[in-house]
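What follows is the residue order along each chain.
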Amino acid sequence: MQTVLVQQRNFFNAGHTISYADRKHALKRLSTGLKQHENEILDALYQDLGKSTHEAYMSELGLTLAEIRHALKHLKGWMRPKRRRTPLANFPATQRIYAAPYGVVLIIAPWNYPLLLSLAPLVGALAAGNCAVIKPSELAPATAEVLAHLIREAFPEEYVAVVNGAVEVSKALLDEPFDYIFYTGNGTVGQYVMERAAAHLTPVTLELGGKSPVVVTQSANLALAARRIVFGKYLNCGQTCIAPDYVLVEKQVHAEFVHHVTEAITKMYGTAPLKNPSYGHIINSRHFERLCRLLLPEKIVHGGEVNAQRLQIAPTVMNGVDAQDAVMQEEIFGPILPILEVNNLDEAYRFIQSHPHPLALYLFTQKRTDEKRFLEELQFGGGCVNDVISHIVPSNLPFGGVGASGIGAYHGASSFQTFSHPKSIVRRKQWWDPPVRYLPYKNWKTRLLRRML
């Protein structure tokens, strides 16, 4: 690892990643590699998580390719120095901000979207002119192996390298003096990453998680809300950082909403979802057992079936849940949807406000007053009105958390900015040198200074 780091630093210092042509070529090589290895990628995602071809392309490969296309389209504009108006105090001069790459960056990826969350940050790192080391999750070994092969074909190791291994490898990487660290995962590990980065004063982006709430109001289109929530909740078997974690629904429409949710699950997954070939599985036995402990049979109104041999839990709805239940004490990260009844929107608002800032918030309503209050007064990473998870799709929207759900943002221009240092430059003219800043100080200089600043 130390050898790779030295090689990458030398490669970067030699200027091989800086020009527009270098960056464009790197992004095109990555795109070509993804297309050439599409079948291996889709097979690996099925092995690791049971993702169907449609779901794997929709939620991983397709989004990664879209991110590359967006970067290629806008790269030249992102790289162009940004001019700023010169204040009178700096006259005569011009002012510009240059986007400077950090150098050698580390990307630590999770297991739930092992392709997308390894390569979407890499797109930003390459577009910004950096070298990169990627550490995929050891819990998705088939995808990690394909990633290593793809990257070796597309890039020399001194440009981009994949380092596979268990937790000890991640810890060893964090001991090295990287110029930037991008981590996606849980908050506990995120704290450790930040602590290790502090030893080298390395800046970080932390993409974490949290319990992302859904609020369903009595004005909502209940059937549509249920269908969209079911899609977002059970995608990847609920193993999505921005999946709806729980639903707060107004009591006037509570029973009807629960009916629509169970109906939507049956329509999408059938009466025997564990036999549905498009339904995946939990990543490993540890997470499977953790999720099983959250199930309360007396509160299950739909689903609840499990297959320990295949690590599957059917899409499950728990009704009558309260804040003290185990399922409400941690991020679920699985196919269990708790539904809580609230008397009114004020109660929902206070409930969300009393918990750590979530990564996402989803509101289903037809009233602009409801929308305005929740969007303007609650703190959360991002979200949707009358939909779920679709805010992660556009490359022209920044994605990131706030507070306990993360630090920093990426996607599109935000990725370029994340992996770039804004270097401010003032270029002074030489045809006049204002005397106001020089000694000896005089009253007339002071009066002039007060007008200039």
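Residues numbered from 1 in each chain as written. Predicted model: local features only at pLDDT ≥ 70, side-chain atom pairs only at ≥ 80, totals over all residues. Heavy atoms only, no water.

### Thoughts on the overall build of the protein
Each helix and strand in the protein was counted, giving 15 helices and 18 strands. Taken over C-alpha atoms, the radius of gyration comes to 25 Å for the protein, in line with the 22 Å a tight globule of 453 residues would show. Split into buried and exposed, the 453 residues of the protein put 53% on the buried side. Contacts spanning at least 24 positions in sequence make up 71% of the contacts within the protein whose residues lie at least 6 apart. A total accessible area of about 20,800 Å² is found for the protein, and carbon and sulfur atoms account for 53% of it. Here the protein holds 47 positive side-chain charges and 39 negative ones, and the gap between their average locations is 16 Å. (Helix = DSSP H or I, 4+ residues; strand = E, 2+ residues; numbered from the N terminus. Rg over C-alpha atoms; globule rule 2.2 N^0.38 Å. Buried < 20%, exposed > 50% of the residue type's maximum accessible area, 1.4 Å probe, protein only. Contact = heavy atoms within 4.5 Å. Areas by Shrake-Rupley, 256 points an atom, 1.4 Å probe, with all protein chains shown as cover. Lys, Arg positive; Asp, Glu negative; His and termini not counted. Charge placed at Lys NZ, Arg CZ, Asp CG, Glu CD.)

### Details of the packing of aromatic side chains
What the rule picks out here adds up to 15 aromatic pairs. Seen from their ring centres, Phe-91 and Trp-431 are 6.1 Å apart, and the 85° between their planes marks the pair as edge-to-face. Of this pair, Phe-91 sits in the loop between β1 (82-84) and β2 (93-101) while Trp-431 sits in the loop between β18 (420-428) and α15 (443-452), and the two are 340 residues apart along the sequence. Residue Phe-91 is classed as partly exposed on the basis of its relative accessible area of 40%. Taking the relative accessible area as the measure of exposure, Trp-431 reaches 61% and is therefore exposed. (Phe/Tyr/Trp six-rings, centres within 6.5 Å; stacked < 30°, edge-to-face > 60°.)

### Structural notes on the pattern of salt bridges
Counted under the stated rule, the structure contains twelve salt bridges. Among the ionic pairs, Glu-330 bridges to Arg-290, the shortest N-O distance being 2.7 Å. Here Glu-330 is found in the loop between β13 (316-319) and β14 (336-342), whereas its partner Arg-290 is found in helix α11 (residues 285-294), with 40 residues between them in sequence. The exposure class assigned to Glu-330 is partly exposed, which follows from its relative accessible area of 29%. Given the relative accessible area of 17%, Arg-290 is considered buried. A cluster of three or more residues bridged by salt bridges with shared partners is formed by Lys-299, Asp-322 and Asp-325. (Salt bridge = Lys/Arg side-chain N within 4 Å of Asp/Glu carboxyl O.)

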